[in-house]
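Examining the three-dimensional arrangement
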Amino acid sequence: MTSRKHANGDNAQNCATNAQRSAPEFLALSHSDVAVLAETFLLLGDQSRLKILLQCMRGSIAVGDIAETLDLSQFLVSHHLRLLRGARLVRG
């Protein structure tokens, strides 16, 4: 039982060491890079947009087909696609 606790303690220490090693990589991101990432995650935080993006990853698909598959209006799908294109996550 003692060796397990000791092993877990070593794992925690290793995680801290690994985090310190990756810290310079994180710090290498500029403020604008962090802002772009945050905006992208916000954009993908919407379930409809995420579902649309997943549909688009399968290949070219018409707006009407996306709307029918996801039970959304074509207007709403077009709106979401405009936002995704603006973030350069999909192409027309």
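Here we summarise the structure given alongside this text.

Basis of the calculations
Residues numbered from 1 in each chain as written. Predicted model: local features only at pLDDT ≥ 70, side-chain atom pairs only at ≥ 80, totals over all residues. Heavy atoms only, no water. Helix = DSSP H or I, 4+ residues; strand = E, 2+ residues; numbered from the N terminus. Buried < 20%, exposed > 50% of the residue type's maximum accessible area, 1.4 Å probe, protein only. Arc of directions from axis to C-beta. Contact = heavy atoms within 4.5 Å.

On a plain count of helices and strands, the protein chain comes out with five helices and zero strands. The order of α-helices and β-strands along the protein chain, N terminus first, is α-α-α-α-α. Relative to its 92 residues, the protein chain shows a buried fraction of 14%.

This brings us to helix α3 (residues 47–57). Every buried residue of α3 is accounted for by Ser48, Arg49, Ile52, Leu53 and Gln55. The buried residues of α3 occupy an angular sector of 160 degrees when projected down its axis, which confines them to one face. In α3, the exposed residues that point more than 90 degrees away from the buried face are Gln47 and Met57. In this fold, the buried residues of α3 make contact with α2 (31–44), α4 (63–70) and α5 (74–86). Just beyond α3, the residue with positive phi is glycine 59, at close to 140 degrees.

In this section: unusual backbone geometry. A positive phi angle, near 55 degrees, is found at aspartate 71, a position not held by glycine. With respect to the element layout, aspartate 71 can be found in the loop between α4 and α5. For aspartate 71, a relative accessible area of 72% puts it in the exposed group. Unlike most non-glycine residues, arginine 88 shows phi in positive territory, near 60 degrees. Tracing the chain through its elements places arginine 88 in the segment after α5. For arginine 88, a relative accessible area of 76% puts it in the exposed group.

Just geometry here; none of it tells us what the structure is for.
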